[in-house]
Amino acid sequence: AVDMKKALEKEAPGAQALVMAAAVADYAPDSISREKKPKSKVPLRLALKRNPDILAGLGTMKNRPRVVVGFSAETKGLLPKARAKLRSKHADLFVANRVGAPGLGFGQGALAQGYLVPRKGRPRRFAKITKDRLAELVLDEVQKLLGIRA
């Protein structure tokens, strides 16, 4: 996540659009061993630290992309959570995906269901569509936000 953050901070300024489909990981190991640790009878405990919130940082950077899009995967409360993330991450559009139900969310052949939530205007619902179709809808919204006829 730290490497991706550095790369995006270098490449994203001045871009027309930035679409951040997923976080690398919310957490990372607190420390990394340079050598193999032997097995022992002591219970294994993994200490974690929070990774940087790349999207939130990019949304507030100087010379930010004209349009910033984020995604969220939620089991409940899609709209309130997407609206909160839209504000906290300074995005222009958030895609709220429902996960946790059979056939929705992750995995090959899984369908997408949820909302496109723009900063201005009303959320747009999408129901059980392919990921390819969702990508088309997202790019159509990005074009609208950029003032490009879709």
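Criteria and cut-off values
Residues numbered from 1 in each chain as written. Predicted model: local features only at pLDDT ≥ 70, side-chain atom pairs only at ≥ 80, totals over all residues. Heavy atoms only, no water. Helix = DSSP H or I, 4+ residues; strand = E, 2+ residues; numbered from the N terminus. Expected span 1.5 Å × (residues − 1). Buried < 20%, exposed > 50% of the residue type's maximum accessible area, 1.4 Å probe, protein only. Contact = heavy atoms within 4.5 Å. Pairing = 2+ DSSP bridges. Axes fitted to C-alpha atoms, helices over the stretch in contact; angles between N-to-C directions. Core = buried A, V, L, I, M, F, W, Y, C linked by side-chain atoms within 4.5 Å.

1. Notes on helix α4 (residues 131–146)
Part 1 of the argument: With 16 residues, α4 ought to run about 22 Å at 1.5 Å a step, and its terminal C-alpha atoms sit 22 Å apart, in line with that.
Part 2 of the argument: Every buried residue belonging to α4 is among L134, L137, V138, E141, V142 and L146, and all of these are buried.
Part 3 of the argument: In this fold, the buried residues of α4 make contact with β1 (17–20), β4 (67–74), β5 (93–98), β6 (112–118) and β7 (124–129).
Part 4 of the argument: Just beyond α4, the residue with positive phi is G147, at close to 80°.

2. A word on the environment of S33
Part 1 of the argument: If you trace the backbone, S33 turns up in the loop between β2 (27–29) and β3 (48–50).
Part 2 of the argument: The exposure class assigned to S33 is partly exposed, which follows from its relative accessible area of 34%.
Part 3 of the argument: Taking the C-alpha atoms as reference points, S33 and R98, separated by 65 residues in sequence, lie 37 Å from one another.

3. Let's talk about the sheet that holds β1
Part 1 of the argument: Taken together, 5 strands build an open sheet; the order of strands is β1-β4-β5-β6-β7 and the sheet is mixed. If you trace the sheet from one side to the other, it starts and ends with β1 and β7, each paired once. In this sheet, neighbouring strand axes are inclined to one another by 15° on average, regardless of whether the strands run parallel or antiparallel.
Part 2 of the argument: Pairing of β6 with β7, which is carried by 4 bridges, proceeds in the antiparallel orientation. Looking at the pairing, A112 lines up with I129 of β7.
Part 3 of the argument: Relative to β6, helix α3 (residues 78–88) is tilted by about 40°, and along the sheet it contacts β4, β5 and β6.
Part 4 of the argument: Against the sheet, α4 engages β1, β4, β5, β6 and β7, with an angle of about 160° to β7.

4. Overview of the nonpolar core
Part 1 of the argument: If you look at the biggest cluster of nonpolar residues, it comprises 16 residues, and the most contacted ones within it are L8, M20 and L58.
Part 2 of the argument: Among all residues touching L8, those that are not within four sequence positions of it are P13, L18, M20, I54 and L58.

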